[in-house]
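Letter by letter, the chains look like this.
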Number of protein chains: 2
Amino acid sequence: MDMEEGTSDSPGHRCDTDPDPWQWDRREDCEVRQILDRIADKWSLLVIALLQGRTLRFTELKRQIDGISQRMLTSTLRQLERDGLIERTVHPVVPPRVDYALTPLGSTLHSTVQALVTWTELNQNEIAAARARYDSAATSRA
Amino acid sequence: MDMEEGTSDSPGHRCDTDPDPWQWDRREDCEVRQILDRIADKWSLLVIALLQGRTLRFTELKRQIDGISQRMLTSTLRQLERDGLIERTVHPVVPPRVDYALTPLGSTLHSTVQALVTWTELNQNEIAAARARYDSAATSRA
DNA sequence: CAGGATCCTGAGGGATACTG
DNA sequence: CAGTATCCCTCAGGATCCTG
C-alpha cells in the first residue's frame, strides 16, 4: 500500500530560540506545524466533528462525509488513530464491525477547533464582502 | 499568471439542514470549509502570526518564513488580502516599498488561531507518545 | 525591491478491482 | 463490511528567469 510512513519527527519542542511570541513556527520541520498540518487537512476535522459525542462505524462515516473516497477515509482514520485522537475497535464478528470514537485527547481538540469554526461562521459575511470588493476592484482594473 | 481565480462560492450559510450540531460541514463546497481550508493552508497562519502587532514588507516576510518561495508568498498574501485579513500598502517610491499589516478582522483571527496553536503545544508530547506506541505496535506486528 | 510569467516535479487523492 | 492493492492524474507549489 502507499499509506504514508511515520515521518521522523520531533526535532525540538519550541521551534526556534527567538523569544518573540509570534515566532513560534517559522521552520518547516517544526513539530507544531506538523500536527497542525495533519489536523487541518482535507478530512480530519470532518471526522473529528462527526465523532463528537458518539461512535460510528466505517460505513457510517463514509456515508456522512460527502465526497470522501474509502481510500482517504481509511488513511485519515489511521492517521488520527496513530496520533491518539481516535480509537479503533474491531469486533470479532462476521461480517466485520469496526467502531471509531474520539479519545479524550480527541475531544479536547474538538472544542478547540470549534472555536475556529465559530469564528468562521461569525465572519463569513465580512469575508465574502471583502472578496466581493477585491474582485470587483480587480475586474474594473482589467 | 496561474494564480487561482475567485471560486464561485456561497452556496448557503449553514451547510446542510441537519439540526445536529456536529453536522456543520459534510459538503465539500461548504463556505466554512472553504474559509477553513484557506486559513489553515501551509503558509497563511505563519503570515498572520508574523504580522501580529506590526507591519512587515515583502522581503522581511520572506526572510522570516523559512522555506517559502516568493511565488507562494505572493499568492498567500493576495489570498489574505482578498479575504480582508491583511492590508497591502504600496509606497510610491523607488525602489518600491510594500507594507503588509493585519486588518482588524485579521487580528481577531489571530487570537482564535492562537488557541489551536496552544492546544498543539500543550499536547504534542501526548501525541508523540501515541505515535510511538502505534508505530512500535505496527513494527512488532511486521 | 516587489512580483509577474513559465516550466516542471511529486505527492495527494480519486476510481476501480480484489479479499478475509 | 471493512478494508487492501494498483493505476493514474491533477495541481499545489518549488525553481528560475524576467521587469517596472
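Note that the coordinates shown come from a computational prediction; the quantities given were computed from them, not determined experimentally. All chains use their own residue numbering, which begins from 1 and follows the written sequence. Starting at A for chains and at 1 for ligands, labels are handed out in the order in which the entities are written. The predicted nature of this model means local features are confined to residues of pLDDT at least 70 and side-chain atom pairs, given and counted, to a pLDDT of 80 or more, with totals for whole chains, interfaces and linings taken over all residues. The side-chain numbers reported here are obtained from all heavy atoms of the structure, hydrogens and water having been left aside.

1. What about the nonpolar core?
This is how it is decided: Definition of nonpolar core: a set of buried residues of the types Ala, Val, Leu, Ile, Met, Phe, Trp, Tyr and Cys, connected through side-chain atoms within 4.5 Å. Throughout this description, buried means an accessible area under 20% of the type-specific maximum (1.4 Å probe, protein chains only), exposed means over 50%, and partly exposed covers the range between. Only heavy atoms matter for contacts: two residues are in contact if any of them lie within 4.5 Å across the pair.
Leu51(A), Leu61(A), Leu109(A), Leu51(B), Leu61(B) and Leu109(B) are the most contacted members of the largest nonpolar core, which has 62 residues in total. In this view, Leu109(B) contacts Leu116(A), Trp119(A), Ile39(B), Ile48(B) and Leu85(B); residues no more than four positions away in its chain are not counted.

2. Structural notes on the protein's contact with DNA strand C
Cut-off, in case you're wondering: Only a single heavy atom is needed: when it lies within 4 Å of a molecule or strand, its residue is near that molecule or strand. What qualifies as a polar contact is a pair of N or O atoms within 3.5 Å, subject to a donor-acceptor requirement within protein and to the restriction that residues adjacent in sequence count only when both atoms come from side chains. Runs of H or I in DSSP of at least four residues are treated as helices and runs of E of at least two as strands, each being numbered from the N terminus. Throughout, the ten residues Ala, Val, Leu, Ile, Met, Phe, Trp, Tyr, Cys and Pro are labelled nonpolar, Asp, Glu, Lys and Arg are labelled charged, and all others, Gly among them, are labelled polar.
Looking at DNA strand C, there are 21 residues lining it, with Met72(A), Thr59(B), Gln70(B), Arg88(B) and Tyr100(B) nearest. Restricting attention to atoms of DNA strand C within 4 Å of the protein, one finds that 57% of them are sugar or phosphate atoms. Within the side chain of Ser69(A), one N or O atom sits 2.8 Å away from a phosphate oxygen of DNA strand C. Contacts to DNA strand C include Tyr100(B), whose side-chain N or O atom sits 2.8 Å from a phosphate oxygen. Residue assignment for the surface near DNA strand C shows that the elements contributing at least two residues are helix 4 (70-82) of chain A together with helix 3 (58-64), helix 4 (70-82) and strand 3 (97-102) of chain B. Ranked by the residues each element gives to the surface near DNA strand C, the list is headed by helix 4 of chain B, at 4 residues. Looking at the surface near DNA strand C, its residues break down into 9 nonpolar, 5 polar and 7 charged.

3. Quick look at the sheet that holds strand 2 (residues 86-91) of chain A
All names here are of chain A. We apply this condition: Here, any two strands with at least 2 DSSP bridges between them count as paired. Where helices are involved, their axes are fitted lines through C-alpha atoms of the stretch in contact, as for all axes, and angles between N-to-C directions lie from 0 to 180°.
Taken together, 3 strands build an open sheet; the order of strands is 1-3-2 and the sheet is antiparallel. The open sheet has two edge strands with one neighbour each: strand 1 (56-57) and strand 2. Inspection of the sheet shows strand 2 paired to strand 3 (residues 97-102) by 6 bridges, in the antiparallel sense. Bridging across to strand 3, Arg-88 finds its partner in Tyr-100. Across the sheet, helix 4 touches strand 2 and strand 3, and the angle it forms with strand 2 is around 115 degrees.

4. Here we look at the confidence of the model for chain A
What counts, and what does not: For every residue, the predictor reports its confidence as pLDDT, a number between 0 and 100.
Here chain A shows a mean pLDDT of 82. Residues at 70 or above account for 79%. Counted against residues more than four places away or in other chains, residues 16-22 of chain A, with its pLDDT under 50, gives 9 contacts.

5. So, helix 1 (residues 31-39) of chain A
Of all the residues in helix 1 of chain A, the buried ones are Glu31(A), Val32(A), Arg33(A), Ile35(A), Leu36(A) and Ile39(A). Buried residues along helix 1 of chain A sit against helix 2 (44-51) and helix 5 (104-141) of chain A together with helix 2 (44-51) and helix 5 (104-141) of chain B.

6. A look at the interface of chain A and chain B
Basically, it comes down to this: Summed over both partners, the accessible area (1.4 Å probe) lost when two parts come together is defined as the buried area. Any Lys or Arg side-chain nitrogen found within 4 Å of a carboxyl oxygen on Asp or Glu counts as a salt bridge.
With 58 residues of chain A at the interface, the matching set in chain B holds 59 residues. Approximately 5,900 Å² of surface area, both sides summed, lies buried where chain A meets chain B, with 60% of it carried by carbon and sulfur atoms. The tally of links between chain A and chain B comes to 4 salt bridges. In this structure, Arg131(A) and Asp83(B) form a salt bridge, with 2.6 Å as the shortest nitrogen-oxygen distance. At the level of elements, helix 1, helix 2, helix 4 and helix 5 of chain A are the ones that each hand at least two residues to the side of chain A that touches chain B. For the side of chain A that touches chain B, the element with the highest residue contribution is helix 5 of chain A, accounting for 22 residues.

7. Remarks on the sheet that holds strand 3 of chain B
Residues and elements named next belong to chain B. Across the sheet, 3 strands lie side by side as 1-3-2; this open sheet has antiparallel pairing. This sheet does not close on itself; its edge strands, each paired only once, are strand 1 (56-57) and strand 2 (86-91). Sheet analysis places strand 1 next to strand 3, joined by 2 bridges and oriented antiparallel. Bridging across to strand 3, Leu-56 finds its partner in Tyr-100. Each of strand 1, strand 2 and strand 3 is contacted by helix 2, which is oriented at about 90 degrees to strand 3, the strand it contacts most.

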